[in-house]
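Each chain is listed here by its residues.
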Amino acid sequence: MCLAIPALVKSIEGNEAEAELGGVSRRISIVLTPEVRVGDYVLLHTGYAINVIDEEEAEETLKLLTEMASLEG
Amino acid sequence: MKFVDEFRDVELARAVVSRIHRKSSRHIRLMEFCGGHTVTIMKHGIRQLLPPTVEMLSGPGCPVCVTANQDLDRAIALAREPGVIIATFGDMLKVPGSHSSLQRVRADGADIRIVYSTLDALHIARQNRDKSVVFIGIGFETTAPTIAASILEAEEEGITNYHVLSLHKLCPPVIKALLDSGEVRLDGLICPGHVSAIIGSRPWEFVARDYGIGCVVSGFEPLDVLQSVEMLVDQLERGEPRVEIAYRRGVRPEGNLRAQELMNAIFEPSAANWRGMGVVPGSGLKLNKRYQRFDAQLAFEIDPGPTVEPKGCICGDILRGVKTPLDCKLFRGACTPEHPVGPCMVSSEGSCAGYYHYGTV
Ligand code: SF4
């Protein structure tokens, strides 16, 4: 129920945006994420973007996990 | 898919698992609050990957499952009202209430539409001005802002035939109730990622501070969950329970302030009735005075009749983490996804459905 999936924002028009998820395009509401910009990824939940995904943080997390994995050898 | 596939990386996951094995020396019990996490754990066999020192319990984080029969009966009674169109998430349809289900009253002619979003429900209201559209508002803090947004939109557009049956529930208060009951002993909590995307990580501080239980906010891919388990093992091995965010790409400590603002504009806290836990003060949301005209509870006089609990179903105990589906005599026999006795077998994130589909080990 609290499922949210990453979607790429392609264009913005007022409170709505065109977003792409898994190759499919759909209209979503961005009323909960007014800060979103074209090219951002958002977490999409029941038709609404509930947060903008922080790409830097995602990279940081993966970098950390990769470093720790290589130490493990 | 970006931000999904990377967090399913098998090599990285393997490395996390072996670190957990190496670091975990004392026995700990962790609860994953969220049904979405339960699904990830079951689907990827995460329980079996963990060392015997790390015990995992499922929590009450399945909105369909925790909806009390009495509230379900209200939704069913509303569906029987003449001139009413029910808009609901699909999961609710098959859940058996005291005497019927939404699916059964639909077969008897009630107008019930499955929607993916409140945006769809509003659209139905626009197109059926002579009818009343009632949205069955289940869900946690993740979903509540989307309901708030729909009510604000209805107001702005002058849509007067849109109502919400607000059965929304709040996660931190129910965790508090669960811990205060003393029924379950926990060392760590895997906090719900998308609830926390809205409320932030701060509302979990009391769990670490007052109960000495570690909290890690987790994402929903297998690597996310494993990373969160590792962070909890680290905390507990050091004896320093605190609140951390593993799901940093989706959650900030302060949460989504805009979403909180919309929620606070429309709703006020109220008591909520949880399956298995009963009425928990301050754990629900009702429409505040200014938006009462959208409240289905006030707009219709309904009598749902006496509540009857499904006989033999131990869903409530499972939701409190004191039993597992294997303890239920009806599991796999009288109760299957095709013929569910209780909601934990209906919802895709219910524990019983998870055990049924992904094995029982
Ligand atoms: S198996 Fe069915 S009857 Fe038993 S607890 Fe789960 S939902 Fe209830």
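Residues numbered from 1 in each chain as written. Chains lettered and ligands numbered in written order. Predicted model: local features only at pLDDT ≥ 70, side-chain atom pairs only at ≥ 80, totals over all residues. Heavy atoms only, no water.

Here we come to the environment of B:Ala299. All names here are of chain B. Relative to the helices and strands, Ala299 is located in helix 14 (residues 296–299). Relative accessible area serves as the criterion here: at 39%, Ala299 is assigned to the partly exposed category. As a C-alpha pair, Ala299 and Val164 span 135 residues in sequence and 9.7 Å in three-dimensional space. (Helix = DSSP H or I, 4+ residues; strand = E, 2+ residues; numbered from the N terminus. Buried < 20%, exposed > 50% of the residue type's maximum accessible area, 1.4 Å probe, protein only.)

A separate point is the interface of chain B and chain A. Interfaces are often sized by the accessible area lost when the parts come together. Taken together, the contact between chain B and chain A spans 46 residues of the former and 35 residues of the latter. Buried surface at the junction of chain B and chain A, both sides included, amounts to about 3,600 Å², of which 65% is carbon and sulfur. If you sort the residues of chain B by the area they bury against chain A, B:Phe3, B:Tyr116 and B:Arg249 come out on top, with a joint share of 17%. Counting the contacts that link chain B with chain A gives two salt bridges. Salt-bridge contacts for B:Arg248 lead to A:Glu57; the nearest nitrogen and oxygen are separated by 3.0 Å. Run the count over chain B and chain A and you get 16 residue pairs in polar contact (both at pLDDT 80 or more). Secondary structure elements with two or more residues in the side of chain B that touches chain A: helix 1 (10–23), helix 4 (63–66), helix 7 (118–127), helix 8 (144–157), helix 10 (193–199), helix 12 (222–238) and helix 13 (257–266) of chain B. Looking at the side of chain B that touches chain A element by element, the count peaks at six residues for helix 1 of chain B. Of the residues in the side of chain B that touches chain A, the class split is 24 nonpolar, twelve polar and ten charged. (Contact = heavy atoms within 4.5 Å. Buried area = accessible area lost by both parts, 1.4 Å probe. Salt bridge = Lys/Arg side-chain N within 4 Å of Asp/Glu carboxyl O. Polar contact = N/O pair within 3.5 Å; in protein donor to acceptor, adjacent residues only side chain to side chain. Nonpolar A, V, L, I, M, F, W, Y, C, P; charged D, E, K, R; others polar.)

Residues and elements named next belong to chain B. As far as domains go, chain B holds domain 1 (4–31 + 43–59 + 187–245), domain 2 (65–170 + 255–299) and domain 3 (315–358). Relative placement of domain 2 and domain 3: their C-alpha centres are 25 Å apart. On the side of domain 3, 15 residues touch domain 2, which itself brings nine residues to the contact. Taken together, the two surfaces of domain 2 and domain 3 that pack against each other cover about 950 Å², and 72% of this comes from carbon and sulfur. (Domains from an automatic or database assignment.)

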